[in-house]
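Survey of secondary and tertiary structure
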Amino acid sequence: MEAYLDNSATTRCLESVKEIVVKTMMEDFGNPSSRHMKGVEAERYLREARETIAATLKVSEKEIYFTSGGTESNNWALMGAAQANQRTGKHIITSSIEHAAVIQPLMFLEEQGFEVTYLPVDRKGHISLEDLKNALRRDTILVSVMYVNNEIGALEPIEEIGKTVKEYDPRILFHVDAIQAYGKYRIYPKRLGIDLLSVSGHKIHGPKGSGFLYVKEKTKLHPLILGGGQQRGMRSGTDNVPGIAGLGAAAKEAYRNFDEKLAHLYAVKERMMIGLAGLEDVQVNNEAGEAGAPHIVSASFRGVRSEVLLHALEDKKIYVSSGSACSSNKKLPVSTVLKEINLEHELLETTLRFSFCEQTTFEEIDYCLAALQELLPMLRRYTRH
């Protein structure tokens with residue numbers, strides 16, 4: 001048996017996605033900028049994907065810009081907004097547990113003379129609205145907080161953050177990294193006060209190298225990629241028609257039978273958490289039920305290094321993660337997120353992430369739990385004290 005429990009790293013493409021990707025590569029392969037029929041056909045795929053995605057967010061099609069994925073969307077939102085609004089101020093606010101695709105651009109902006117305030121989080125991974133209020137200033141131009149944390153599934157109070165920011169000054173832009181949230185929550189930026197929203201295709205069973213950035217109309221944002229003037233001059237480069245078409249198909253499927261899929265995810269999460277709680281010297285780090293994301297479980301296994309346990313599970317064809325897949329090449333072995341939530345020092349290097357999708361079965365969960373029950377005593381026996 002095989003158990004793929006690393007869906008926050010990437011997901012398997014849907015059949016409907018594969019079909020449209022192949023079709024736009026092999027048959028309708030025209031350049032959407034071309035004026036002949038092949039170009040018109042290609043342009044139609046872009047239009048349909050844009051309409052589909054806009055409908056899921058209840059926004060205008062003109063507010064959707066296609067990118068190469070979540071990292072580009074985050075980089076563009078932050079650096080484009082900072083450059084476009086720097087005459088108003090150079091102060092930015094974020095949380096201390098953002099993804100590297102947010103933290104690194106902000107570090108770059110600090111080198112360019114911007115000032116960044118990093119809000120601390122509590123043991124559950126939540127920022128304090130009081131801290132946010134105290135951090136807001138007259139020269140604040142941008143607030144960026146992720147919807148769902150990619151390592152521990154912490155759900156940030158996005159609606160309250162948006163309200164706090166806009167009540168202080170409606171001109172301050174609010175960016176949300178929704179890469180782990182889109183497809184798991186109904187997200188309506190207009191209601192939430194969100195000006196910029198980043199999404200990645202391969203987290204929702206779409207193709208890798210696809211994503212989008214929602215940009216609220218009249219938001220001041222500089223383009224990062226200049227050239228042919230595609231996407232109304234905001235994001236140049238020949239449009240990735242197969243990726244965009246696949247992304248559109250994935251977005252459409254993500255919100256079909258949504259409540260049913262969500263209920264299944266919460267049931268899978270609960271089964272995993274109950275099973276882990278029954279194992280000796282295991283600590284679950286995420287919140288149960290709807291207090292946390294429906295698809296992420298983080299657990300620490302006292303006395304067993306995460307890398308050792310990860311490979312022991314891999315030998316049984318159980319695939320999990322020791323943190324953010326995008327951060328696996330970092331020199332620092334210990335997760336910043338786990339440090340920020342004040343996880344016990346001895347547990348920092350013993351933590352694994354299990355992440356699910358609507359295709360995850362109870363059988364996979366039970367298989368994983370049985371393997372852990374077998375492996376943990378054996379691995380602890382060989383641990384040096």
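Cut-offs and rules
- Residues numbered from 1 in each chain as written.
- Predicted model: local features only at pLDDT ≥ 70, side-chain atom pairs only at ≥ 80, totals over all residues.
- Heavy atoms only, no water.
- Pairing = 2+ DSSP bridges.
- Helix = DSSP H or I, 4+ residues; strand = E, 2+ residues; numbered from the N terminus.
- Axes fitted to C-alpha atoms, helices over the stretch in contact; angles between N-to-C directions.
- Salt bridge = Lys/Arg side-chain N within 4 Å of Asp/Glu carboxyl O.
- Buried < 20%, exposed > 50% of the residue type's maximum accessible area, 1.4 Å probe, protein only.
- Parallel < 35°, antiparallel > 145°, perpendicular 65-115°, else oblique.
- Left-handed = near helix turned anticlockwise from the far one by under 90°.
- Contact = heavy atoms within 4.5 Å.
- Patch = residues over 30% accessible without salt bridge, like charges linked within 9 Å, V, L, I, M, F, W, Y side chains within 5 Å.
- Areas by Shrake-Rupley, 256 points an atom, 1.4 Å probe, with all protein chains shown as cover.
- Expected span 1.5 Å × (residues − 1).
- Arc of directions from axis to C-beta.
- Nonpolar A, V, L, I, M, F, W, Y, C, P; charged D, E, K, R; others polar.
- Phe/Tyr/Trp six-rings, centres within 6.5 Å; stacked < 30°, edge-to-face > 60°.
- Lys NZ or Arg CZ within 6 Å of the ring centre and 35° of its normal.
- Core = buried A, V, L, I, M, F, W, Y, C linked by side-chain atoms within 4.5 Å.

This brings us to the sheet that holds strand β9 (residues 282–284). A sheet is described by the order of its strands in space; here 3 strands give the open sequence β9-β10-β12, paired in antiparallel fashion. Single-partner strands in this sheet number two, and they are β9 and β12 (351–355). Each adjacent strand pair in this sheet contributes to an overall mean axis angle of 25°, direction not counted. Judged from the 3 bridges that link them, β9 and strand β10 (residues 296–301) form a sheet pairing that is antiparallel.

Applying the stated rule across the entire model yields 20 salt bridges. Residue R353 pairs with D6 through a salt bridge whose shortest N-O separation is 3.4 Å. You can see R353 sitting in strand β12 and its partner D6 sitting in the loop between β1 (3–4) and α1 (15–26), a full 347 residues away along the chain. As far as burial versus exposure is concerned, R353 and D6 are alike and both buried. Through salt bridges with shared partners, one network takes in K23, E27 and D28.

For the rest of this paragraph, the subject is the packing of helix α10 (residues 306–314) against helix α12 (residues 362–381). At a minimum axis distance of 11 Å, the contact between α10 and α12 shows a crossing angle of 135°. Relative to α12, the element α10 is oriented oblique. For the pair α10 and α12, the sense of crossing is right-handed. Contacts between α10 and α12 involve V308, L309, A312 and L313 from the former and A371, L372, L375, L376 and L379 from the latter.

There is a patch of nonpolar side chains on the surface, built from V22, M25 and M26 and spanning about 330 Å² of accessible area. Within the secondary structure, V22 is located in helix α1. Residue classification places V22 among the partly exposed residues on the basis of a relative accessible area of 44%.

What follows deals with helix α2 (residues 37–57). If you check α2, its first and last C-alpha atoms are 31 Å apart, about what 21 residues at 1.5 Å a residue would give, namely 30 Å. For α2, the set of buried residues is G39, A42, Y45, L46, A49, R50, I53, A54, T56 and L57. All buried residues of α2 fall inside an arc of 160° around its axis, so they share one side. Seen from the open side of α2, the exposed residues pointing more than 90 degrees away from its buried face are M37 and A55. As for α2, its buried residues are in contact with α1, β2 (64–67), α7 (189–192), β7 (196–200), β8 (211–215) and α8 (241–254).

For the rest of this paragraph, the subject is the pairing of β7. Most of β7 sits out of view: 5 of its 5 residues are buried. As defined by bridge partners, strand β6 (residues 173–177) adjoins β7 across 3 bridges and the pair is classed as parallel. If you follow H175 over to β7, its bridge partner there is L196. Bridging between β7 and β8 involves 5 bridges; their strand directions are antiparallel.

Moving on to the packing of α1 against α8. Interhelical geometry of α1 versus α8 gives an angle of 155° and a closest axis separation of 8 Å. With respect to α8, the axis of α1 lies roughly antiparallel. Crossing geometry of α1 relative to α8 is assigned as right-handed. The residues of α8 that touch α1, namely those facing S16, V17, I20, V21, T24 and M25, are V241, P242, A245, G246, A249 and A250. Of the residues belonging to the contact of α1 with α8, the class tally is 9 nonpolar, 3 polar and no charged.

Attention now moves to the packing of aromatic side chains. Overall, the coordinates contain 6 aromatic pairs when judged by the stated rule. Among the aromatic residues, those joined into a ring-pair cluster are Y182, F212, Y255 and F258. Just above the ring of Y188 sits the side chain of K58; from NZ or CZ to the centre is 4.6 Å. Across from the ring centre of F114, 5.1 Å away, lies the NZ or CZ of K90, which sits over that ring.

What follows deals with the nonpolar core. Core analysis: the biggest nonpolar cluster contains 67 residues, and L57, V143 and Y147 have the highest contact counts within it. When residues of this core are assigned to their parent elements, the largest contribution, 8 residues, is made by α8. One finds L265, M272, I318 and L379 within the second-largest nonpolar core, a separate group that totals 30 residues.

Read these as geometric descriptors, not functional statements.
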